[in-house]
Amino acid sequence: MRILSGIQPTGDKHLGNYSGGFRQYVETQERGDAFFCIVDLHSITVPYDPAALRSSTLDLAAMLFAVGLDPQRSTVFVQSHVKAHAESAWLLQAVASYGQLGRMTQFKDKGEGKDFVSAGLFTYPVLMAGDILLYQADLVPIGDDQRQHLELARDVAQSFNSRFGETFKLPEGVYPTVGARIMDLQEPTRKMSTTNGTPQGTVRLIDEPDVIRKKFKTAVTDSGREVRRGDDKPGITNLIDILSVATGETREQIEARYADGAGYGQFKGDVGEAVVELLTPIRERYLLLRSDEAELLRLLRTGAEKATATVEPTLRALYDRMGFVQP
Ligand code: AQP
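In what follows, the accompanying structure is described. The residue numbers shown here count from 1 along each chain, following its written sequence. Selection of residues for local features in this predicted model requires a pLDDT of at least 70, selection of side-chain atom pairs for listing and counting requires 80 or more, and totals for whole chains, interfaces and linings are taken over all residues. Side-chain numbers here rest on the full set of heavy atoms in the structure, without hydrogens or water.

**Some details on the pattern of salt bridges**
The working definition used for a salt bridge is a side-chain nitrogen of Lys or Arg within 4 Å of a carboxyl oxygen of Asp or Glu. Tallied over the entire structure, the rule returns 26 salt bridges. Among the ionic pairs, D232 bridges to R228, the shortest N-O distance being 3.3 Å. A residue is classified by how much of its surface remains accessible, and D232, at 49% relative accessible area, is partly exposed. A salt bridge links E255 to R229; the shortest N-O distance between them is 3.1 Å. Within this pair, whereas E255 is found in helix 11 (residues 251–257), its partner R229 is found in the loop between helix 9 (209–217) and helix 10 (234–247), the two being separated by 26 residues in sequence. Here the salt bridges do not stand alone but share partners, grouping D12, R204, D207 and K215 into one network. For every residue, the accessible area obtained with a 1.4 Å probe (protein chains only) is divided by the maximum for its type, and the residue is called buried under 20%, exposed over 50%, and partly exposed between those limits. What counts as a helix is a DSSP run of H or I of at least four residues, what counts as a strand is a run of E of at least two, and both are numbered from the N terminus.

Shown next, in the form of structure tokens:
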């Protein structure tokens, strides 16, 4: 069983990334041959600072190991270290249409109202399709916001297979049953995000405990007093999901626990405390790992060597079937 997922080294990673991404990576690494890619090539599709990209790439590597990826078990690597990713992105553009890419909601969300919209922001789902397809991945653990991009990767695989012959496996997405889309604490109708969310409504994995407590204390709630889920209660629904992710309790157990009318204040305090408990050991491990850059680079180099060897046969097949003369 082959598992693959990617994450951008843009901004500080947050509770949504943990919920939809990291904790699933840690679970799935037990189920097979797992590859986790720091997708730095994706990060240049929006305006960015080169120095910040360099340091956030290492920040993210440290964070991936801090949340529990085991370098003995999982292959963790940087996308730009494995040249096949950029190559396959170009090749697969032959079978991805302009119309398909124009339907991607993330392109609309990230591009809308911006002075500069890079061509890369438009074509980046094809890069992502290559990221996945090159590895012949069976499973792709992701959050809900990546569903449309994974569908595109499957469509690209199907188009390629029918035009050039059976080459790619069709990957399946793995989404958490709870916490596939964690929402902003201040604006619970939009997803938590460091690039598009509110700073006070985004819980960063490296936030100090008191900062986390304050963010939950000031989280927006809904009308009424009952701690229960519902379309009329986006704030409380989100907080119930977060508490479930942090403690492993089911949402029903949480609702039952607060059915005696404890009120929002007590509930928000408890969610904050549970998140502090979840993130404190991760933050401590992160700080330790981040302080040894040489070791991080060594682990990433080893990961890139394994990834390069793994994708080589598929990359060759791609060139060959598309009619390129082999050197
Ligand atoms: N709010 C979220 N809830 C659940 N899962 C989420 N993911 C992202 N946001 C949420 C999942 O995290 C993984 C990595 O995603 P990414 O590389 O897109 O990370 P990011 O760019 O740091 O995400 P942001 O902060 O939300 O930035 P934007 O808005 O720029 O994309 C993926 O599996 C994703 O589903």
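Next, the rest of the story.
**Here we look at unusual backbone geometry**
Negative phi values dominate among residues other than glycine, just as trans dominates among peptide bonds. One non-glycine residue with positive phi stands out, namely Q136, at about 50°. With respect to the element layout, Q136 can be found in the loop between helix 7 (119–133) and strand 4 (139–141).

**Some points on the site of the ligand**
By nearness alone, 21 residues border the ligand, and Q8, K13, D145, I182 and T195 come closest of all. Side-chain atoms alone can form a polar contact between residues adjacent in sequence; in general such a contact is a pair of N or O atoms within 3.5 Å, and within protein one must be able to donate a hydrogen while the other accepts it. Within the side chain of K13, a nitrogen or oxygen atom sits 2.5 Å from an oxygen atom of the ligand. For the ligand, the accessible surface in isolation is 640 Å², of which the surrounding protein chains cover 97%. Looking at which element gives the most residues to the shell around the ligand, the answer is helix 1 (residues 15–28), with three residues. In this classification, the charged set is Asp, Glu, Lys and Arg, the nonpolar set is Ala, Val, Leu, Ile, Met, Phe, Trp, Tyr, Cys and Pro, and all remaining amino acids, among them Gly, are polar. By residue class, the composition of the shell around the ligand is five nonpolar, 11 polar and five charged. The nearness test applies per residue and asks whether one of its heavy atoms lies within 4 Å of the molecule or strand. Reported accessibility uses the Shrake-Rupley method at a 1.4 Å probe radius. Residues are deemed covered only where the shown protein chains occlude them.

**What about helix 9?**
For helix 9, every residue scored as buried is listed here: I212, K215 and F216. Buried residues of helix 9, viewed axially, fall in a sector of 95°; they line one side. Opposite its buried face, helix 9 presents the exposed residues D210, K214 and K217, each directed more than 90 degrees away. In what follows, a contact means two residues having at least one pair of non-hydrogen atoms within 4.5 Å. Buried-residue contacts for helix 9 involve helix 1, helix 10 and helix 12 (264–290). An arc is given here, and it is the one of the directions from the helix axis to the C-beta atoms.

**Section: the pairing of strand 1 (residues 2–7)**
Each regular strand displays side chains that alternate between the two surfaces of the sheet. Here a strand pair is declared whenever DSSP counts at least two bridges between the two strands. In the sheet, strand 1 pairs with strand 2 (residues 33–38) via six bridges, with the strands oriented parallel. For G6, the partnering residue across the bridge sits in strand 2 and is C37. For crossovers, right-handed means that the path from the first strand over the helix to the second runs clockwise, given strands pointing away from the viewer. For the segment spanning strand 1, helix 1 and strand 2, crossover handedness is right-handed.

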